[in-house]
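# Structural overview
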Amino acid sequence: MAVQTPFYYYDLALLENTLQALNDAIPSSKFKVHYAVKANAEDRILQTIQRYGLGADCVSGNEITKSIACGFNPSEIVLAGVGKSDAELHTAISNGIHSINCESIEELEVINEIAEQNNRVANISFRINPNVDAKTHHKITTGLSENKFGIPISEVSRAIAEIRKMEFLSLSGIHFHIGSQILSMDPFIKLCNQVNTLLDEIEGEGIQLDHINVGGGLGIDYLNPDQNPIPDFEKYFAVFHEHLNVRDGQTVHFELGRSVVAQCGSLITKVLYVKKGATKNFAIVDAGMTELIRPALYDSYHEMENITADSLLGTDNYSVVGPICESSDVFGELEMPITKRGDLIKIKSAGAYGQVLSSNYNLRDSAKAYYSDKNELTSWVGSEKKETSLT
Ligand SMILES: *Cc1c(COP(=O)(O)O)cnc(C)c1O
């Protein structure tokens, strides 16, 4: 079979083990997890996640349509986004999704109009900016006052006054999302404290909410993916179980993306050339920032491994770089077995914000996805050892 590199490779067994661990770690029947579709929207990934009972957290109309096509029930779909278009709101309302996370007072009026056109009452959650520092990379911090997301806490009263006037809206929850790749539990504890204060305030206005959505953001171990393939969901959920003052009848929603899918995906790329530069060796590979932009965009680290090298020949240091005409098109530097043209390099932990952020810059072809359960690559990789090193 003709297999084109680069390609994404998904270990479905690891995805299922992760989902099982997540479900086992949920400490309360009041907790409901929605998968953040933007992290990876491959059909087979979505279908697998749906089978484990998660809902879907969408940030576009197309994500809603895709989630429904992959089996998610509209009543378990939520929509967020600072700039939802009228068409996207139509999609959300006409499908009767669980709730729309509203990010501004102006948006309330638009949703009310579109709900009226659909002759339906839309359930609204206020997405609130809690001004909590997630202490993560500044480009994936979303819950600070300076970020564009959410309604400021100081505006919540006014938003409540507005929504009371709107016939086709019903306020059913509050929503937060402070950022991504968060490994310390402290920001989540701070978030709980903010939510508790706000819940008192909102109840003071005579409103009973049916859910609190605390967003996502749980990080993964990019440094040791083989040793720690599954995040500590227990520790994460325990924070909310312990610190959030949930009222009777209220549910707590989570929107996890990265922690569910990051470790099950790798990007497999072939070495095109090995070049001795003036100060270092470059391993020039056929994948670039067009397939995986995280290192260029967020300075992120991905562990890499040459899965075809002959380890008896010794090692050397390499800067692994892509073919794109941008100096930021670099995956990282590492010591590897002596590497040559034709070797395969596995770039790990690429299941989240990898394939979905692909582009066709330089008019590049789109990378395909392969799945571990199909044995499509056995003959191509050539030997048992190489096949197992894919996963
Ligand atoms: C991206 C996003 C998430 C998921 O974040 P992860 O860090 O991948 O868990 C959850 N909620 C909202 C609103 C988002 O935009």
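Nothing here was measured: the structure is a model prediction, and the numbers come from that model.

## Concerning empty space enclosed by the protein
This model, assessed by the stated rule, comprises one cavity of 30 Å³ or more. Taken as a whole, the largest cavity spans an internal volume of roughly 40 Å³. Secondary structure elements with two or more residues in the lining of the largest cavity: α1 (12-25) and α9 (258-261). Here the lining of the largest cavity takes four residues from α9, the largest share from any one element. For the lining of the largest cavity, a count of residues per class yields nine nonpolar, three polar and one charged.

## Looking at the UniProt feature "binding site: pyridoxal 5'-phosphate" (unreviewed entry) in the chain
With numbering matched to this structure, UniProt assigns "binding site: pyridoxal 5'-phosphate" (unreviewed entry) to Gly217, Glu255, Leu256, Gly257, Arg258 and Tyr353. In the annotated group above, the largest cavity draws its lining from Arg258. Not counting the four nearest positions on each side in its chain, Gly217 is found in contact with His177, Gly179, Ser180, Gln181, Ile182, Phe188, Glu255 and Leu256. Here Gly257 shows up in the loop between β10 (251-256) and α9.

## As for helix α5 (residues 105-117)
Side chains three or four residues apart in an α-helix point the same way, a direct result of the helix having 3.6 residues per turn. Counted at 1.5 Å a residue, the expected span for α5 with its 13 residues is 18 Å, and the 19 Å between its end C-alpha atoms agrees. Those residues of α5 lying buried are Ile105, Glu107, Leu108, Ile111, Asn112, Ile114 and Ala115. In the core, the buried residues of α5 are packed alongside α4 (86-94), β5 (99-102), β6 (122-129), α6 (156-164) and β8 (169-175). Trailing α5 by a residue or two, Asn119 shows a phi angle of about 55°, which is positive.

## Topic: the packing of α4 against α5
Relative to each other, α4 and α5 sit at 55°, their axes nearing to 10 Å. As summarised for this structure, α4 and α5 are arranged oblique, according to the angle between their axes. For the element pair α4 and α5, the recorded crossing hand is right-handed. For the pair α4 and α5, contact is made by Asp86, Leu89, His90 and Ile93 and by Glu107, Val110, Ile111, Ile114, Ala115 and Gln117, respectively.

## A closer look at the pairing of β5
Here β5 shows no split at all, with Ser99 and Asn101 on one side and Ile100 and Cys102 on the other all buried. The sheet contact formed by strand β4 (residues 77-79) and β5 spans two bridges and is parallel. Within β5, the residue paired with Leu79 across the bridge is Ile100. Considered for its hand, the β-α-β crossover made up of β4, α4 and β5 is right-handed. Pairing analysis gives three bridges linking β5 to β6, with the strands arranged parallel. Considered in β6, the bridge of Cys102 is made with Phe126. Between β5 and its parallel partner β6, the chain crosses via α5, and the hand of that crossover is right-handed.

## Quick word on the layout of surface pockets
Size it by volume and the largest pocket reaches roughly 640 Å³. In terms of lining, the largest pocket is formed by 31 residues, of which the most central are Lys38, Val59, Thr142, Phe149 and His177. Elements that contribute at least two residues to the lining of the largest pocket include exactly β10 and α9. Residue composition of the lining of the largest pocket, grouped by class: twelve nonpolar, eleven polar and eight charged. Inspection of the lining of the largest pocket shows a minimum of three residues originating in each of domain 1 (12-262) and domain 2 (263-384).

## As for the UniProt feature "modified residue: N6-(pyridoxal phosphate)lysine" (unreviewed entry) in the chain
Under the local residue numbering, the UniProt record ascribes the feature "modified residue: N6-(pyridoxal phosphate)lysine" (unreviewed entry) to Lys38. Residue position: Lys38 is located in the loop between β2 (31-36) and α2 (43-51). In this structure Lys38 comes out as partly exposed when scored by relative accessible area, which is 34%. When neighbours within four sequence positions are excluded, Lys38 is seen to be in contact with Val59, Glu63, Tyr353 and Val356.

## Some words on the side chain of Ser180
Its place among the elements puts Ser180 in the loop between β8 and α7 (186-204). At 2.8 Å, the side chain of Ser180 forms a polar contact with the side chain of Arg258. In this view, Ser180 contacts Thr136, Ile140, Gly217, Arg258 and Tyr353; residues no more than four positions away in its chain are not counted.

About the thresholds
- Residues numbered from 1 in each chain as written.
- Predicted model: local features only at pLDDT ≥ 70, side-chain atom pairs only at ≥ 80, totals over all residues.
- Heavy atoms only, no water.
- 1 Å grid on protein atoms, 1.4 Å probe; cavity = no way out; pocket = protein on both sides within 12 Å on 5 of 7 lines; lining within 4 Å.
- Points joined across faces, edges and corners; volume = space filled by probe spheres on them.
- Helix = DSSP H or I, 4+ residues; strand = E, 2+ residues; numbered from the N terminus.
- Nonpolar A, V, L, I, M, F, W, Y, C, P; charged D, E, K, R; others polar.
- UniProt positions renumbered as here; feature names shortened; annotations may be inferred.
- Contact = heavy atoms within 4.5 Å.
- Expected span 1.5 Å × (residues − 1).
- Buried < 20%, exposed > 50% of the residue type's maximum accessible area, 1.4 Å probe, protein only.
- Axes fitted to C-alpha atoms, helices over the stretch in contact; angles between N-to-C directions.
- Parallel < 35°, antiparallel > 145°, perpendicular 65-115°, else oblique.
- Left-handed = near helix turned anticlockwise from the far one by under 90°.
- Pairing = 2+ DSSP bridges.
- Right-handed = clockwise from strand over helix to strand, strands pointing away.
- Domains from an automatic or database assignment.
- Polar contact = N/O pair within 3.5 Å; in protein donor to acceptor, adjacent residues only side chain to side chain.

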